[in-house]
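Commentary on secondary and tertiary structure
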Amino acid sequence: MTLCSVCGVREAVYYRSYSGERLCQRCLLRAVERLVSRSLSAANPRPTSTFLIPLSSFAPSSSLAMARVLWGAERRFPRTKVVLAVPDFMADRVLLQGLPEGLSLEVFEVRPPPPGSADLISCIRYDRAWSLRAAESLGADIIVLPLSRTDLTLLTLEALLSGDRDALSDALRSLSVGGISVVAGAAELEREALAALEFLSGFADVKPMCSLKIASKGVLMSIFGRPEVDYGGLKIPEVLFGQLKDRPRCSICGGLSPGGVCTRCKVMGLEALSVKRLGQLHHPGPGGPEGPS
Ligand SMILES: [Zn+2]
Ligand SMILES: [Zn+2]
């Protein structure tokens with residue numbers, strides 16, 4: 001058995017390739033918590049902030065891992081609140097058993113549902129559009145998307161290679177829309193560490209509603225070889241976005257869009273977006289989940 005390089009006591013379960021560390025489950029969780037706290041500082045949270053984590057259409061297991069990590073942060077900052085927002089069509093996919101008891105779970109009726117498959121930028125715009133409405137209804141001031149540093153690099157490449165410079169607004173670590181901050185919760189973290197936490201927490205089998213079509217994955221791999229060692233993904237989109245930030249925004253998803261509602265929102269039918277709060281989903285304890293009340 002290999003011992004954890006940090007605590008030297010417990011068995012290592014994760015090899016962190018960019019640092020060469022071997023971490024036990026507890027030290028991995030602590031490292032992720034620290035880096036997620038640092039990522040969230042980009043949204044300038046207040047001591048009484050409410051963080052809303054939408055259960056993502058394309059990476060629900062990452063949203064569940066973020067909820068688990070933020071729950072740890074909530075205990076450290078007792079006046080902040082963490083809410084996992086679950087669209088009704090995904091309520092049966094939430095593995096409540098792996099989530100901490102006491103975490104707030106709010107179910108929303110969201111129409112229309114996401115497309116069965118789409119590019120990453122469309123998926124992000126879908127998740128942001130409905131969760132902005134959900135955040136308004138709950139008075140939440142920060143939305144946490146389950147995006148890592150690796151994902152932000154991929155988004156930058158998707159925007160640049162597709163010639164859609166307005167999509168750079170979706171590659172930022174933090175975007176303010178109507179007074180609500182939408183933040184990439186794992187911006188300081190490599191994707192593989194988040195994936196390891198998902199797996200170790202038992203969330204890896206939660207199926208996405210929207211499967212991703214990623215055109216530039218090959219480019220990402222060939223440029224960086226190991227995407228987890230990339231550090232450009234945070235700075236480059238910010239610098240490029242600096243040239244564009246006065247351009248108009250889509251009134252539905254908040255992304256840059258020169259002509260009112262963006263093309264992606266139109267294609268996904270979001271001009272008719274409706275988001276209704278249905279109620280709380282209660283933690284099952286040992287007996288299994290209950291429906292919304
Ligand atoms: Zn350890
Ligand atoms: Zn839009």
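Up top is the structure.
This report concerns the structure included in the present document. (Residues numbered from 1 in each chain as written. Chains lettered and ligands numbered in written order. Predicted model: local features only at pLDDT ≥ 70, side-chain atom pairs only at ≥ 80, totals over all residues.)

Moving on, we get to the environment of valine 182. Tracing the sequence through the fold places valine 182 in strand 9 (residues 180-186). Each C-alpha atom, one on valine 182 and one on glycine 254, is 9.8 Å from the other, the two residues being 72 residues apart in sequence. Leaving out residues up to four positions away in the same chain, valine 182 has contacts with Arg128, Ile143, Leu145, Leu175 and Val177. (Helix = DSSP H or I, 4+ residues; strand = E, 2+ residues; numbered from the N terminus. Contact = placed C-beta atoms within 7 Å.)

So, about the packing of helix 1 (residues 25-40) against helix 5 (residues 191-200). Each packed pair of helices is defined by two parameters, the angle between the axes and the distance between the axes. At their nearest, the axes of helix 1 and helix 5 sit 11 Å apart, and the two run at 130° to each other. Considering their axes alone, helix 1 and helix 5 lie oblique with respect to each other. In this structure, helix 1 crosses over helix 5, and the sense of that crossing is left-handed. Contacts between helix 1 and helix 5 involve Gln25, Leu28, Leu29 and Val32 on the former and, on the latter, Ala193, Ala196, Leu197 and Leu200. (Axes fitted to C-alpha atoms, helices over the stretch in contact; angles between N-to-C directions. Parallel < 35°, antiparallel > 145°, perpendicular 65-115°, else oblique. Left-handed = near helix turned anticlockwise from the far one by under 90°.)

Glancing now at the environment of glycine 260. On the secondary structure map, glycine 260 appears in the loop between helix 7 (235-242) and helix 8 (263-267). Take glycine 260: there are 13 C-beta atoms within 10 Å of it, and that puts it in the partly exposed class. In this structure, the C-alpha to C-alpha distance between glycine 260 and arginine 249, residues eleven residues apart in sequence, is 6.9 Å. (Buried ≥ 20, exposed ≤ 12 C-beta atoms within 10 Å, placed from the backbone.)

Attention shifts here to the sheet that holds strand 7 (residues 142-148). One open sheet holds the seven strands; their spatial order is 8-9-7-3-4-5-11, and the pairing between them is mixed. Two strands in the sheet have a free side with no partner beyond their single neighbour: strand 8 (174-177) and strand 11 (274-280). When strand polarity is set aside, the average angle formed by the axes of neighbouring strands in this sheet is 30°. As judged from the six bridges shared by strand 5 (residues 104-111) and strand 11, these two strands associate in the antiparallel manner. Residue pairing for strand 11: valine 107 is matched across the bridge by glycine 279. Packed on one face of the sheet, helix 3 (residues 120-138) meets strand 3 (50-54), strand 4 (81-87), strand 5, strand 7, strand 8, strand 9 and strand 11 and runs near 140° to strand 3. (Pairing = 2+ DSSP bridges.)

The next point concerns the nonpolar core. Leu52, Ile53, Leu70, Ala85, Val86, Ile143 and Val144 are the most contacted members of the largest nonpolar core, which has 87 residues in total. Top contributing element to this core by residue count: helix 3, with ten residues. Non-local contacts of alanine 85, meaning those with residues more than four positions away in its chain, are made with Leu52, Ile53, Pro54, Leu55, Glu106, Phe108, Ser131 and Ala134. (Core = buried A, V, L, I, M, F, W, Y, C linked by C-beta atoms within 7 Å.)

Further remarks concern the pairing of strand 3. Most of strand 3 is tucked away: four of the five residues are buried. As paired elements, strand 3 and strand 4 share five bridges and run parallel to each other. Counted as the bridge partner of leucine 52 is valine 83 from strand 4. For strand 3 and strand 7, the ladder comprises two bridges, and the chain directions are parallel. Bridge pairing in strand 7 links phenylalanine 51 to isoleucine 142.

Distances and angles like these do not, on their own, reveal function.
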